Amino acid sequence: MYDRDALVRLIREKALKFGDFTLTSGKKSSYYLDAKQVTLHPEGARLVGEGILELMEQIGRPDAVGGMSVGADPITAAVVTISAIKGKPVLGFMVRKEAKGHGTKRFIEGPVEPEQTAIIVEDVITTGGSSLQAAERAAEFGLKVVGIIGIIDRLEGGAEAFAARGIPYRSLLTIRDLGIPMPSPEASQIS
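Quick summary incoming for the structure in this document. Quantities reported herein were computed from a predicted structural model and do not represent experimental measurements.

Some words on the side chain of Glu122
Moving on, step 1. In this structure, Glu122 sits in strand E6 (residues 117-125).
Moving on, step 2. Lys36 provides the closest opposite charge to the buried, salt-bridge-free Glu122, at an N-O distance of 7.0 Å.
Moving on, step 3. Among the polar contacts listed, one links the side chain of Glu122 to the side chain of Ser131, at a separation of 3.1 Å.
Moving on, step 4. Not counting chain neighbours up to four residues away, the residues in contact with Glu122 comprise Ile75, Ser130, Ser131, Ile149, Gly150 and Ile151.

Below, the structure is given as C-alpha cells:
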C-alpha cells in the first residue's frame, strides 16, 4: 500500500503555492498546485506510481496508461516503472496536444495498439477538460478508455464531467486532504 501521508507532506512542501493564480480552465484561484514539483521528484514519482497502480487495480488493470503531454508524461513514466517492478506491467503512451507534423502524424505516441484498454492519468483535476480531451484522442486512436485517475482533485467539477461521460474516476487526493477549504461558487467563477 502506498504511503498517502508521505504524498500529502511532499505536495504541501513542494507543490502548494498561495497567491493569485489563473488556472488552465480560466478560473481564478488563491492557490496553485505545481504537481510537476512532485511527479519529477524521486520520492514523489515513486509515491504517485504506487498510488496510481493501486487505484488502477480498483478500476481494473488496463493494458496501458497515459495522458496529455506534458503534465501526464512523468506520471505515466512512474506508473510504467512501478508496474514493472511489481510484476504487473502496463504500457505507457502520450497524447500530443497537436498531431505530429511529420512521420506518422499521430496524436498518440507509445507502444499501444487499437483495442487495448487504457486509463488516462492527470496531475491536477479541475474541470476535467484536458483529461476528457486526452480520453477522446485515445478513443479516436482505438484505445478503450476504462477510467481516469488524477493525483489531486480540486473538487471543481471534474468528477461530475467524467460521470456525465460514463468514465470511472478516482483520485489519490483531494484539496480537502491538503487542508485547503472548498472554494465558494463566487470565488471559482471566471472574472
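Structure shown, so let's carry the discussion forward.
Examining the nonpolar core
Buried together is how nonpolar side chains tend to be arranged in soluble globular proteins.
Moving on, step 1. Leu7, Ile11, Leu33, Ile52 and Met56 are the most contacted members of the largest nonpolar core, which totals 36 residues.
Moving on, step 2. With seven residues, the top contributor of residues to this core is helix H3 (residues 42-59).
Moving on, step 3. Counting residues in hydrophobic clusters, the runner-up holds 19 residues, among them Ile108, Phe141, Phe162 and Ile167.

Let's talk about the packing of aromatic side chains
Moving on, step 1. As enumerated under the stated definition, the model contains two aromatic pairs in all.
Moving on, step 2. Here Phe162 and Tyr169 contribute two aromatic rings whose centre-to-centre distance is 4.9 Å and whose plane-to-plane angle is 55°, an arrangement assigned as tilted.
Moving on, step 3. The class of Phe162 is buried, set by a relative accessible area of 0%.
Moving on, step 4. Look at Tyr169 and you get buried, because its relative accessible area is 14%.
Moving on, step 5. Directly above the aromatic system of Phe107 lies the positively charged group of Arg137, at a separation of 3.9 Å from the ring centroid.

Remarks on the sheet that holds strand E4 (residues 91-95)
Moving on, step 1. Reading across the sheet, the six strands line up as E5-E4-E3-E6-E7-E8 and stay open at both edges, with mixed pairing between neighbours. Every interior strand has two partners, whereas the edge strands, strand E5 (108-109) and strand E8 (169-174), have only one.
Moving on, step 2. Against the sheet, H3 engages strand E3 (64-68), E6, strand E7 (144-153) and E8, with an angle of about 140° to E7.

Quick notes on the pattern of salt bridges
Side chains that carry opposite charge are capable of pairing whenever their charged atoms lie near each other.
Moving on, step 1. All chains considered together, the criterion is met by 11 salt bridges.
Moving on, step 2. Residue Glu43 pairs with Arg46 through a salt bridge whose shortest N-O separation is 2.4 Å. Of this pair, Glu43 and Arg46 both sit in helix H3, three residues apart, which is roughly one turn of the helix.
Moving on, step 3. Under the relative-accessibility criterion, Glu43 is labelled partly exposed at 32%.
Moving on, step 4. We note a salt bridge from Arg46 to Glu50, for which the minimum N-O separation is 2.9 Å. With Arg46 and Glu50 both in helix H3 and four residues apart, this pair spans about one turn of that helix.
Moving on, step 5. Residue classification places Glu50 among the buried residues on the basis of a relative accessible area of 15%.

Cut-off values and rules
- Residues numbered from 1 in each chain as written.
- Predicted model: local features only at pLDDT ≥ 70, side-chain atom pairs only at ≥ 80, totals over all residues.
- Heavy atoms only, no water.
- Helix = DSSP H or I, 4+ residues; strand = E, 2+ residues; numbered from the N terminus.
- Buried < 20%, exposed > 50% of the residue type's maximum accessible area, 1.4 Å probe, protein only.
- Lys, Arg positive; Asp, Glu negative; His and termini not counted.
- Salt bridge = Lys/Arg side-chain N within 4 Å of Asp/Glu carboxyl O.
- Polar contact = N/O pair within 3.5 Å; in protein donor to acceptor, adjacent residues only side chain to side chain.
- Contact = heavy atoms within 4.5 Å.
- Core = buried A, V, L, I, M, F, W, Y, C linked by side-chain atoms within 4.5 Å.
- Phe/Tyr/Trp six-rings, centres within 6.5 Å; stacked < 30°, edge-to-face > 60°.
- Lys NZ or Arg CZ within 6 Å of the ring centre and 35° of its normal.
- Pairing = 2+ DSSP bridges.
- Axes fitted to C-alpha atoms, helices over the stretch in contact; angles between N-to-C directions.

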